[in-house]
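Structural overview for review
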Amino acid sequence: MIQKRILMLAWEYPPHIVGGLARVVWAISRELVRNDCEVHVITADHPGTPEYEVDEAGVHVHRVKSQTDSSGQSWHIPNFALWDARLNFGMLQHAIRLHQEKPFDIVHAHDWLVADAAWVLKSFGLPLVSTIHATEYGRNNGIHNAESHYIDQVEWRLIYESAKVIVNSQHMLVELNEHFHVPTEKVTVIPNGIEPDKLLSTEEPAELRRQHRIGSGPVLLFVGRLVYEKGIQVLLSAMPRILERYPDTTLIIAGAGGYEQHLRDQARQAGIGQRVRFFGKANDADLRQLYAMANAVVVPSLYEPFGIVALEGMAAKVPVVVSDAGGLRDIVRHEHNGVTTYAGNSDSLAWGVLHCLSNPELSARLKEQARQTVLEQFTWEAIAARTLDVYEEVLAAPSTSNLLQLPTAAEETAA
C-alpha cells in the first residue's frame, strides 16, 4: 500500500549530474520508493533522455522538454536566470497536471533553482519541504554583486515558504541561522549518504596503474568540480613540498569546471605539470579505478556544505585528507577516520598528505575506521528514514505556517 505521494523538484538529476545534488535526490528517491512511497521527480531536460520514464527503482522521472522552438531545437536563452525561469514554468506545467490527476501529499524542493515552482505549488495547499544544499553567501564568502543578491533573496524566499528546511551538516544549520535568521527549530540536519559498495573495485591496483601509465609512486586523488571554492589551487600549492619527500607522486584531478585553465597554468608555472593529471569528468566505472589506485583522497575545500567525496573515499577504503571547512568536520575525526588540515593553508595540507604517506600503520587504521563510519552513519536507508520523519512531522502539523517573520515596511526601508 502506497504511504505517500511525493513530488521532488531538482534542477539536476542523473544522467544530468553537475554536483552532489543530483546524486542525493536520486538516492533518496529510490530509497523512498523502497519505503512504499510513490515518488515523482521533475527535473531539467538532458540530451538523449525521454520526457517521462519510470526508472528501474520505480521512480517516476519527468524532464522539462518545453524549451524548444518550432524546428525542435533548444531555444537560445541569453542568460542563466532566464533559463531557470523557463525551467520553473516547465516544472509547473508537469506538476500541476500530475497533481490534478492525483494529488500529491508533499512537495520537496532542492535549492533555489526550483524555488518559484515550489512557491506556486504551495498555493495548491501542498506542504513544502526544502533542502538547502549550499548557499550563495557561503559559496562566495559573502554577497558581492547584483546576481548574488538575487540568488540570495530567492534562497531566503524558499526557506521562508517552507514548513521545514533540511540541511546536510551542522555547519549549514549555523549558516542559515546566522545569515537568514532561520529559527533552529525550523531546520533539521540530515547528512548525505552513499552506497557503501558502489565504488569498491576488484581490479588489481598494479594492473590499473599499468593501464593508466602511472608508476609505483604515491597517487593522490581529487574528485569534484573545478571551481575556486573546492580549493584545488591550495593542493597544487602544497605539491612542491610533497614532491620534495616523494618525487614520484602523481596527482590526479578528476572533474571539470570553469577554473580548469587557471589550475593548469598554476601547475605549469610551479614546474609540477608533469606530476599532475587532469582526468576530466569521471563516471562511476572511472571512479572505481581511480579510488583503487589512490594512496590518499584529498578534499582541500575552502567551502564545503557537506563533502560527499570524502565519504566516497572512506567507503572505498582510501585514507582521506580533508580541510576543516564546513560539513567535513561532521564526517572526519582527525586521526580516527581521516586526517584534518586547516582550510586554505597549503603547508597544513602538505603536512596532512605526508602524514598519511609516511605512516602505513596509521593509513591502514584510518581506512578501516572510515569504512566503519560510513556503514554506521551514512547509508541511504537511514537517511531516507529520517527524511520520512520530517514529512510526517510536517503533515501532522495543524498548519504549514512559517516560523520566519516577514520584515515590516519600516524594517525593509531601514535595510
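Fair warning: this is a prediction, and the values are worked out from it, not measured in the lab. (Residues numbered from 1 in each chain as written. Predicted model: local features only at pLDDT ≥ 70, side-chain atom pairs only at ≥ 80, totals over all residues. Heavy atoms only, no water.)

This paragraph deals with the overall build of the protein. Assigned secondary structure in the protein consists of 16 helices and 14 strands. Over its C-alpha atoms the protein spans a radius of gyration of 22 Å, differing by no more than 12% from the 22 Å that the globule rule assigns to 415 residues. Seen through its C-alpha atoms, the protein measures out along the principal axes to roughly 65 × 50 × 50 Å. Taking as baseline every contact in the protein between residues at least 6 positions apart, the subset at least 24 positions apart corresponds to 67%. (Helix = DSSP H or I, 4+ residues; strand = E, 2+ residues; numbered from the N terminus. Rg over C-alpha atoms; globule rule 2.2 N^0.38 Å. Contact = heavy atoms within 4.5 Å.)

What follows is about the packing of aromatic side chains. Scanning the entire structure with this criterion turns up eight aromatic pairs. When the centroid spacing of 6.2 Å and the interplanar angle of 80 degrees are considered together, the rings of Trp11 and Phe80 count as edge-to-face. Pair noted here: Trp11 is in the loop between strand S1 (5-9) and helix H1 (20-34) and Phe80 is in helix H2 (residues 80-101), with a separation of 69 residues, a long-range link. On the basis of relative accessibility, which here comes to 39%, the residue Phe80 falls in the partly exposed class. (Phe/Tyr/Trp six-rings, centres within 6.5 Å; stacked < 30°, edge-to-face > 60°. Buried < 20%, exposed > 50% of the residue type's maximum accessible area, 1.4 Å probe, protein only.)

The next thing to look at is the pairing of S1. By the criterion of burial, S1 is predominantly enclosed, with five of the five residues buried. Side chains Arg5, Leu7 and Leu9 project from S1 onto one buried face, and the interleaved Ile6 and Met8 project onto a second face that is buried too. Handedness of the crossover joining S1 and strand S2 (residues 38-44) through H1: right-handed. (Right-handed = clockwise from strand over helix to strand, strands pointing away.)

A separate point is the sheet that holds strand S8 (residues 187-189). Strands belonging to one sheet form pairs held by backbone hydrogen bonds; the direction of such a pair is parallel or antiparallel. The strand order across the open sheet formed by eight strands is S3-S4-S2-S1-S5-S6-S7-S8, and the pairing between neighbours is mixed. One side of each edge strand has no neighbouring strand; the edge strands of this open sheet are strand S3 (52-54) and S8. Strand-to-strand twist across the sheet, computed as the mean angle between neighbouring axes with direction ignored, equals 20 degrees. Pairing between S1 and S2: five bridges, direction parallel. Within S2, the position partnered with Met8 by the bridge is Val41. The strands touched by H2 are S1, S2 and strand S4 (60-64); relative to S2, the strand with the most contacts, the crossing angle is about 155 degrees. (Pairing = 2+ DSSP bridges. Axes fitted to C-alpha atoms, helices over the stretch in contact; angles between N-to-C directions.)

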